[in-house]
Amino acid sequence: MAASDYPAQVATAAAPARLRAGPRLLDGDRLFHALVGLLAASIVAFAALLAVYLVKDALPAFERFGAAFLWQQTWNPVTLQFGALPAIYGTAVTSLLAMLLAVPVGVGAAIYLAEFAPPWVERPLSFLIELLAAIPSVVIGLWGLFVLVPALRPIEQWLGQRLGWLPLFSGPPIGIGVFAAGLVLAIMVLPILTAIVREVLWAVPTHQREAAYALGATPWEMVTTAVLPYGRSGIVGAVILALGRALGETLAVTMVIGNAYRIDPSLFAQATTLASKIASEFREADSAVFLAALIYLALVLFAITLVVNVVARLLVLRLSVRAIGHGQQGGG
Amino acid sequence: MPSERRRIWISRIMLALCGLAAGLSAAILVVLLLYVLVKGIAYVNLEFLTALPRPLGEPGGGMANAFVGSAVMVGLATLWATLLAVGAGIYLAEYGGERTVAVVRLVADVLSGLPSIVIGVFAYTLLVKPLGTFSAVAGAFALGLIMLPIVARTTEESLRLVPHELREAALALGIPRWRATLSVLLPTARAGILTGVMLAVARIAGETAPLLFTALGNRFWPNGLLSPTAALTLNIYQYAISPYDQWHQQAWAAAFFLLLFVLVLNIVARLVAARAMPR
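1. Quick look at the overall build of chain A
Within chain A, the regular secondary structure consists of 12 helices and two strands. In chain A, the succession of α and β elements from N to C terminus is α-α-β-β-α-α-α-α-α-α-α-α-α-α. A burial count over chain A gives 48% of its 332 residues as buried. When contacts within chain A are restricted to residue pairs at least 6 apart in sequence, those whose partners lie at least 24 apart make up 73%.

Listed below in structure tokens is the structure:
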């Protein structure tokens, strides 16, 4: 870092001269400003490059299949027929299932942690839940494959015997499938959901709660009439953010979903997702069109998560601006 | 209007359910953690740490190449991503105009929300295809790209927490602004930045998807940085989905070390953060 020492001397020595002669070319501040600006721009450049390269490399598949790729159901590397619908369906169903399971638990846990838990309970519980977010996807997948799936098998068999006439519970009850994938995803998004919703609830000003109590509300009525409506956009943002995470989760899902490329209404059916299709076949892609089709899948996933993330950020952002404004009000 | 007694009972039941939800979330972690650690440590031995994988059917063998491969790729990723990210964070907190900062920040947030498999595909198209080989370099690039937006944003947040008086005091001493940033503001925000870097390292150490088609994996020592490289996470995945019991056991052992590393890093990061915020 000799460069950072050199302009230091120049800048100090030249300080009085600069007052007379205006900014010089070798001005430490301007150099540093340009340097960090360049580094910040590199983030934008990488993101742009990512979009360009995905589009460029998906082009052979796009030229061949066009937008019909999105609703075709075949995936045949021999005849080079490719369509994304089963993967899109699998992604949607597993993520939806995960949100159905995780949202009530996550929001409930956040309500308890933010509103009612005494500090000596809140801190260790929050810490544990945040640690859950740190467990690598592949480790959760390993656990899912060897512990969760065998545990699910008898439950699925029982349900299949009694309610097998429902399309939802038909299909081979072998444990591996949509249901296992949804459960694993729910476990994975639960900590983010709980953490963000807890932050959102913390930002609700105290006078809202006091007002509800003053009107005679029970603690639960206080939550539903004062706290939750106030934090609504933030909670929706947290849910969408968690959804974005579920949509793109790869390894844990790949290991328990069974990787069957078809659309089946059953919860127990083996399926695939966009991410797990890419993960399990990318290395075996032996032709240019096959590879391009997989990159096309990545592009679809990229587009979906992009939209989901931007919407979520805007919602959470709006909340934080409002929360900061109210925080100042409450403090004054 | 429901009676008062009924309202009170509804409230009690709902609160109990909320408490149960929190307890359940924590219980899932404890169960998962204990299971992996206890199951994994049973298969750990010295050979696992020091030997190369053996051919199938031969007992024993280890993952020394995967430990080294993971360390090299995570290290390289941390190096390049932290250098870029801290600079970008300085720009976001200290130099940028309101509108450019909003744009860069949104792009960084979106980038960190992208599925890691998409980052992996990008690294493949950008580096693996032109270079004609799977490599540790491509793996490190993909991992670093995941780290970059996270560290940039935590650097920004940490710098914003530095009191404004400190900037004024530094400038009042007559040093230029860049010097004040590097010698006064960065050291003050050090703990926050360090926490962010450690959490990001823990995150990328557990990533598998971006390595699948960049580092690829290798049963032997890599032939330099520009050749296929083994990684712990890749091995866990490949061994777990294989039909061999012996490989399953090694997957558990590898998961033990990965989980231990990630947990220790997380806990240390939190301790650093807690020490930095006594005020």
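Let's pick the thread back up.
2. Thoughts on the overall build of chain B
Across its full length, chain B carries 11 helices and zero strands. When its helices and strands are written in sequence order, chain B yields α-α-α-α-α-α-α-α-α-α-α. Against the globule reference of 19 Å for 279 residues, chain B gives a C-alpha radius of gyration of 23 Å, more extended than a compact globule. Along the first, second and third principal axes, the C-alpha atoms of chain B reach 70 × 70 × 35 Å. Sorting the 279 residues of chain B into buried and exposed places 51% on the buried side. The long-range fraction of contacts in chain B, counting pairs at least 24 apart against all pairs at least 6 apart in sequence, stands at 73%.

3. With respect to the domain arrangement of chain A
A common way to report how large an interface is uses the accessible area buried once the components associate. Taken domain by domain, chain A consists of domain 1 (2–68) and domain 2 (71–331). Between domain 1 of chain A and domain 2 of chain A, the residue contacts involve 11 residues of the former and 12 residues of the latter.

4. Examining the environment of E130 of chain A
All names here are of chain A. Along the chain, E130 falls in helix 4 (residues 119–134). A residue is classified by how many C-beta atoms lie within 10 Å of it, and E130, with 16 of them, is partly exposed. Distance in space between the C-alpha atoms of E130 and F69 is 39 Å, their sequence separation being 61 residues. If we ignore the near neighbours within four places in the chain, the residues touching E130 are P191 and A195.

5. Quick word on the packing of helix 6 (residues 178–202) of chain A against helix 9 (residues 232–248) of chain A
Two numbers describe a pair of packed helices, the interaxial angle and the distance between the axes. Residue and element names in this part refer to chain A. Two numbers describe how helix 6 lies on helix 9: the axes approach to 9 Å, and their chain directions differ by 155°. Overall, the two elements helix 6 and helix 9 adopt an arrangement that is roughly antiparallel. Like other packed secondary-structure pairs, helix 6 and helix 9 cross with a definite hand, here right-handed. Touching L185, V189, I192, L193, I196, V197 and V200 of helix 6 are G234, I235, A238, V239, L241, A242, R245 and A246, all from helix 9. For the contact of helix 6 with helix 9, the per-class residue count stands at 13 nonpolar, one polar and one charged.

How each quantity is defined
- Residues numbered from 1 in each chain as written.
- Chains lettered and ligands numbered in written order.
- Predicted model: local features only at pLDDT ≥ 70, side-chain atom pairs only at ≥ 80, totals over all residues.
- Helix = DSSP H or I, 4+ residues; strand = E, 2+ residues; numbered from the N terminus.
- Buried ≥ 20, exposed ≤ 12 C-beta atoms within 10 Å, placed from the backbone.
- Contact = placed C-beta atoms within 7 Å.
- Rg over C-alpha atoms; globule rule 2.2 N^0.38 Å.
- Domains from an automatic or database assignment.
- Axes fitted to C-alpha atoms, helices over the stretch in contact; angles between N-to-C directions.
- Parallel < 35°, antiparallel > 145°, perpendicular 65-115°, else oblique.
- Left-handed = near helix turned anticlockwise from the far one by under 90°.
- Nonpolar A, V, L, I, M, F, W, Y, C, P; charged D, E, K, R; others polar.

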